[in-house]
Amino acid sequence: MNALWSDVGLVVSAGTTLVYGALGGIVSERSGVINLGAEGIMLMGAASAYLTDVQTGNVWLALAAALLSGILFGMLHGFLTVTLRANQILSGLGVSLFGNGLSAYVGNSVVGVPLSVSVPSVFHVNLMVWLSWAMALILVIWFYRTRWGMGLRALGDSPAAADAMGLPVSALRYGYVILGCVLMALGGAYLSLVYSPQWVQGMTAGVGWIAIALVVFARWQPLRAVFGAYLFGGLNALNFRLQLAGSHVASEFLNMMPYVLTILVLIVVRWMSRGKPTGQPLALGTPYIREERQ
Amino acid sequence: MPVPGSDGSVQVRNESPTRRFPGYVRTFISSDRNLTVKWAIPFLSIAAAFVLCGGLMWLWGANPFRVYGLMVQQSFGSVFAINQTFLEAIPLLLCGLGVAWAYRISVWNIGAEGQFTMGAIAATGMTIYFPHLPSVVMIPSMMVVSVLAGAGWACIAAVLKAYLQVNELITTLMLNYVAGLYMDYLVYGPWKDPKGFNFPGTAMFTPSEQLPTLFGTQVHIGAVIALVGVVLYAWTFAKTRWGYELRVLGSNPTAARYAGIPVVRQMVWVMFISGGLAGLAGMCEVSGVTHQLQHGLSPGYGYTAIIVAWLARLHPIGLLVSSVFFGGLLVGGYSVQTLGLPSSISLMLQGAILFFAVAGEYVQQYGRWSWRVSSQRGGVS
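Residues numbered from 1 in each chain as written. Chains lettered and ligands numbered in written order. Predicted model: local features only at pLDDT ≥ 70, side-chain atom pairs only at ≥ 80, totals over all residues. Heavy atoms only, no water.

### A look at the packing of aromatic side chains
For any pair of aromatic rings, the description consists of the separation of the ring centres together with the inter-plane angle of the planes.
Right, so step 1: Scanning the model with the defined rule gives 22 aromatic pairs over all chains in all.
Right, so step 2: When the centroid spacing of 5.2 Å and the interplanar angle of 75 degrees are considered together, the rings of A:Phe98 and B:Phe355 count as edge-to-face. Here the residue A:Phe98 occupies a position in helix H4 (residues 88-107), and B:Phe355 occupies one in helix H14 (residues 345-365), the pair thus bridging two chains. Grouping residues by exposure puts A:Phe98 and B:Phe355 together as buried.
Right, so step 3: Where B:Phe355 meets B:Phe356, the ring centres are 5.7 Å apart and the plane angle is 45 degrees; that geometry is what we call tilted.
Right, so step 4: Residue classification places B:Phe355 among the buried positions, given a relative accessible area of 4%.
Right, so step 5: The ring of A:Phe217 is capped by A:Arg224, whose NZ or CZ atom sits 6.0 Å from the centre of that ring.
Right, so step 6: In this structure, B:Arg104 is placed above the aromatic ring of B:Phe237, and the distance from its NZ or CZ to the ring centre is 4.9 Å. (Phe/Tyr/Trp six-rings, centres within 6.5 Å; stacked < 30°, edge-to-face > 60°. Helix = DSSP H or I, 4+ residues; strand = E, 2+ residues; numbered from the N terminus. Buried < 20%, exposed > 50% of the residue type's maximum accessible area, 1.4 Å probe, protein only. Lys NZ or Arg CZ within 6 Å of the ring centre and 35° of its normal.)

### Digging into the interface of chain B and chain A
Right, so step 1: Counting residues at the interface gives 44 residues for chain B, matched by 47 residues for chain A.
Right, so step 2: The contact between chain B and chain A buries some 4,000 Å² in all, and 84% of this surface belongs to carbon and sulfur atoms.
Right, so step 3: Seen at the junction of chain B and chain A, the total is zero salt bridges.
Right, so step 4: Applying the counting criterion to the chain B and chain A interface returns two residue pairs in polar contact (both at pLDDT 80 or more).
Right, so step 5: Those elements that place two or more of their residues in the side of chain B that touches chain A are helix H2 (35-59), helix H6 (135-164), helix H7 (168-188), helix H12 (301-311) and H14 of chain B. (Contact = heavy atoms within 4.5 Å. Buried area = accessible area lost by both parts, 1.4 Å probe. Salt bridge = Lys/Arg side-chain N within 4 Å of Asp/Glu carboxyl O. Polar contact = N/O pair within 3.5 Å; in protein donor to acceptor, adjacent residues only side chain to side chain.)

### Thoughts on the environment of B:Asp184
Right, so step 1: Assignment of secondary structure puts B:Asp184 in helix H7.
Right, so step 2: Remark: the alpha-carbon pair of B:Asp184 and B:Pro200, spanning 16 residues in sequence, is separated by 7.9 Å.
Right, so step 3: Setting aside chain neighbours within four positions, we find B:Asp184 in contact with A:Glu252, B:Gly189 and B:His295.

### What to know about H12(B)
All names here are of chain B.
Right, so step 1: Across the 11 residues that make up H12, a large majority, 10, are buried.
Right, so step 2: Within the span of H12, buried status applies to Tyr301, Gly302, Thr304, Ala305, Ile306, Ile307, Val308, Ala309, Trp310 and Leu311.
Right, so step 3: Phi turns positive, to about 55 degrees, at Arg313, one or two residues after H12.

Below you can see the structure in the form of structure tokens.
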């Protein structure tokens, strides 16, 4: 029984970063804005939280730092994609590279420095894990049980209709992009403060991208995203166990598994849902210009 | 905007600022835009990115002028530096050309990094499994296998997109990690040089497996290959029927389908070329520069290539200029490590350049900062 619980714990702790990342992606994409900057934003969240933790010894300030970096990057991506109506893919790639570079620069002074305080646990479960569950639940209720959630879905499917309903399209998109980035940054903070706990340049190693793939796998639904994230977390835990047990497979092949699985999962999802709607917000990736014919 | 002429035929109103250029130049300039602004934006976005990142460095207690001074000096300040810059520019140009092919038809290949790696692996595989071939056989066959490996790697994503609508952004990126890990497996495992003092790399290539260099410089023959690639790229899109079809496909896929252009087949072919060029870049790198397959072969050429292509607006001449510029940026990035700063400063600059360039398109399309008000905007019609 104890062994089982420790396995569950391993799966959950390995999957939590992805839960945050995928939820962040869903929030942003539901409002019609793709955010490919996840990798860079997670790294920024991880670096800023770790740096603040080491410098101040206060874990709440560390989380606030991650929050702040999420807000700043959200404002940047929002400004480019909503106000300037820039190509969302390019903007996201730019944010990703920029965050990658800036985080390495910012975190350079704390490489190899041990963490001073970690995030506390409540009932043997880390507070950030509780928060990720709470966020998933809140988002489900928000999406399907509130007026604002309905507005959000309209925003992603038909911004013109949302506009006609009297919703401030640009302001809302800004808000959701920023919220999405904050979640991603928190995922990064979880990685550096709780899961690892250390700061290494480029430590996410593609987790941000896997999170973006999970959004597609989850069909833009929060609970499915949690499920998918723990699937990948389980894979990570399995990988960890196999390497500890000294398996005969080279570790590089084990490390390849999440990336290969991401592709396989996407293939299976598309194959099973061929001919059916994918659940993708209809206006995803298109900027909204009020005067323009739809 | 077509208007009926006096004889009833439809003419194109002859007021576009691009009319004075010959056809092969005009192909790469969309009409009805202010040319000066268009070509100023890449330079302005580079300047803005340097200012922003300089500000961030200053905030973090580094002297940006010293950092930038060192970067310029180490990348363009001497014959050796320029040599290094050009060496970095060759893979950037080949990969940039590769992604430009894909972006012309709006296929988001961000997997040049993995395609580059697979090309390098394939070329090294030739040297390991078929040693002692004469140079005239060895070099061309290394090129062929590297092109096939890179193209095959890209085609995985292309086929999945074509037949299952799997998003190519995610697949190409995931395949980057897979290729990188596979290369690590090879250089740490079966292909490791037993005499290499445990260094994660293969045995050094023999001279017959190395690309010849040009005129006593370090720059290898890959530069010529890349230039030929640029010419072929320009020629295809400006002069050939196929290039025209691809342009139609890029600007309006629906129209292309109705016009009978085989969209799926074209896409797979373009990805084949795109990946093949990146694979060739990988071969040039192992055979021309490092002379072995080693861990950390690429400092992110495939990712930088995306910015190279976009900053150039997918224009062939622009590709030449921007690949040399980013080559210099990479070389300069390595040099800042002597100041105790991480070389990822160049990554930060690249990201900033990309989003300033993306923002610049707004200025060009909608901004008031333009010398001529476009007829499509303003005024009720």
